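Now for the letters of each chain:
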Amino acid sequence: MAVELRHLLVEDRLPAVTITLNRPETRNALSTSLMTELTTELLRQSQRSEVRVIVLRANGPVFSAGHDLKELIDRSLEEERAIFDVCTRMMEAVQEVPQPVIAAVQGMATAAGCQLVATCDLAIASVEARFATPGVKIGLFCSTPMVAVSRSVGRKRALEMLLTGRPIDARTAAEWGLVNRVVPADQVDEAAFDLAGQIASASPLTLKIGKQAFYRQIDVPQEDAYQLMSETMAENAMTCDAQEGMSAFLGKRNPTWRGE
């Protein structure tokens, strides 16, 4: 049974859980209350050992139109800072939780909505989905979305999106690396859960170690990355699950994960 929060729907589909943005009447705009609620829910799910993967989706024709612009008008500098701090904390939570987070994108994702897709560990997109960072058109450059988008698609492609504000289609988003794959509109959830199932067969501890390690090494120099990851692999090899997995492989049997 789905649990309805103020702005979200949460439903167990173990070993996955779905978190659905549920403000279709506002094009799933990322108000401060929605962002706070999503951050809280991500952290709550991070404590549930039975949840191996989180699928983030949205109701309505739009995945997310980005920030709720009504919150950004006639504010003080401190108030504006507070809003973007809430957004940054939400994005950080997506990558901090131990479970991989898969975005299932059924429609348009713009500005901070595009940032949210880029921030998720993986993304499945409907062939009808579109992605844009159009802030330049309204005088508010998509500077915080730029952080996640530029790390997904590279400098020249990110700057094209940021400087023109033009949307890219789903297949271009896949070619550029913003999403993993594109599927027919009626298969987005199915594809996301299929991917979640493949991931969930691994040790939850190994998934946690691997996700944390990825973000630790991705933006540091190669020499430093190798030093960090050599130590990470050595420590990983000492875990019960790694010892069990290697023994099972050598013994040609299925492993039994203990999460330790």
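Please refer to the structure placed before this passage.
1. Examining the sheet that holds strand β2 (residues 8-13)
Sheets are built from strands that pair by backbone hydrogen bonding, the pairs being arranged parallel or antiparallel.
Logical step 1: With respect to topology, seven strands assemble into an open sheet ordered β1-β2-β3-β4-β6-β8-β11, the strand pairing being mixed. Taken across any chain shown, the strands that pair with only one partner, and hence form the sheet edges, are β1 (3-4) and β11 (181-183).
Logical step 2: Of the strand pairs in this sheet, strand β6 (residues 101-105) and strand β8 (residues 122-126) are connected by four bridges, and their pairing is parallel. Residue pairing for β8: valine 105 is matched across the bridge by alanine 125.

2. What to know about the nonpolar core
Logical step 1: Ranked by internal contacts, the top residues of the largest apolar core, which has 50 residues, are Leu56, Val105 and Phe131.
Logical step 2: In terms of nonpolar packing, the next biggest core, distinct from the first, is built from 16 residues, Ala191, Phe193, Ala200 and Leu207 among them.

3. What about unusual backbone geometry?
Logical step 1: The linkage connecting leucine 14 with the following residue, proline 15, adopts the cis geometry, with an omega of 15°.
Logical step 2: Take proline 15: it is sitting in the loop between β2 and β3 (16-21).
Logical step 3: Phi is positive for alanine 111, close to 55°, though the residue is something other than glycine.
Logical step 4: Note on placement: alanine 111 falls in the loop between β7 (108-110) and α3 (112-119).

4. Regarding the packing of helix α4 (residues 143-153) against helix α5 (residues 155-164)
Logical step 1: Between α4 and α5, the least distance of the axes is 7 Å, while the angle of their chain directions is 140°. If you check the angle between α4 and α5, you find them oblique. Crossing handedness for the pair α4 and α5: right-handed. Here α4 contributes Met146, Val149, Ser150 and Val153 to the contact with α5, which in turn contributes Arg155, Arg157, Ala158, Met161 and Leu162.
Logical step 2: A class-by-class count of the residues in the contact of α4 with α5 yields six nonpolar, one polar and two charged.

What counts, and at which threshold
- Residue positions are counted from 1 within each chain, in the order its sequence is given.
- Reporting of local features is limited, given that this is a predicted model, to residues whose pLDDT is at least 70; pairs of side-chain atoms are given and counted only at 80 or more, and all residues count toward the totals for whole chains, interfaces and linings.
- The side-chain values count all of the structure's non-hydrogen atoms but skip hydrogen atoms and water molecules.
- Any two strands with at least two DSSP-identified bridges between them are counted as paired.
- Under the DSSP-based scheme used, a helix requires at least four consecutive residues in state H or I and a strand at least two consecutive residues in state E, with every element numbered from the N terminus.
- What makes a nonpolar core is a set of buried Ala, Val, Leu, Ile, Met, Phe, Trp, Tyr and Cys residues whose side-chain atoms join them at distances within 4.5 Å.
- Relative accessibility under 20% of the residue-type maximum defines a buried residue, over 50% an exposed one, and the middle range a partly exposed one, all with a 1.4 Å probe and only protein chains included.
- Lines fitted to C-alpha atoms define the axes, with helix axes restricted to the stretch in contact, and inter-axis angles between N-to-C directions lie between 0 and 180 degrees.
- Orientation is classified from the angle alone, with under 35 degrees giving roughly parallel, over 145 giving roughly antiparallel, 65 to 115 giving roughly perpendicular, and any other angle giving oblique.
- Here is the rule for handedness: rotate from the far helix to the near one, and if that takes an anticlockwise turn smaller than a right angle the crossing is left-handed, while a clockwise turn gives right-handed.
- We call two residues in contact whenever any of their non-hydrogen atoms come within 4.5 Å of each other.
- Polarity classes work like this: nonpolar for Ala, Val, Leu, Ile, Met, Phe, Trp, Tyr, Cys and Pro, charged for Asp, Glu, Lys and Arg, and polar for all others, with Gly in that last group.

It is worth stressing that arrangement in space is one thing and function is another; only the former is reported here.
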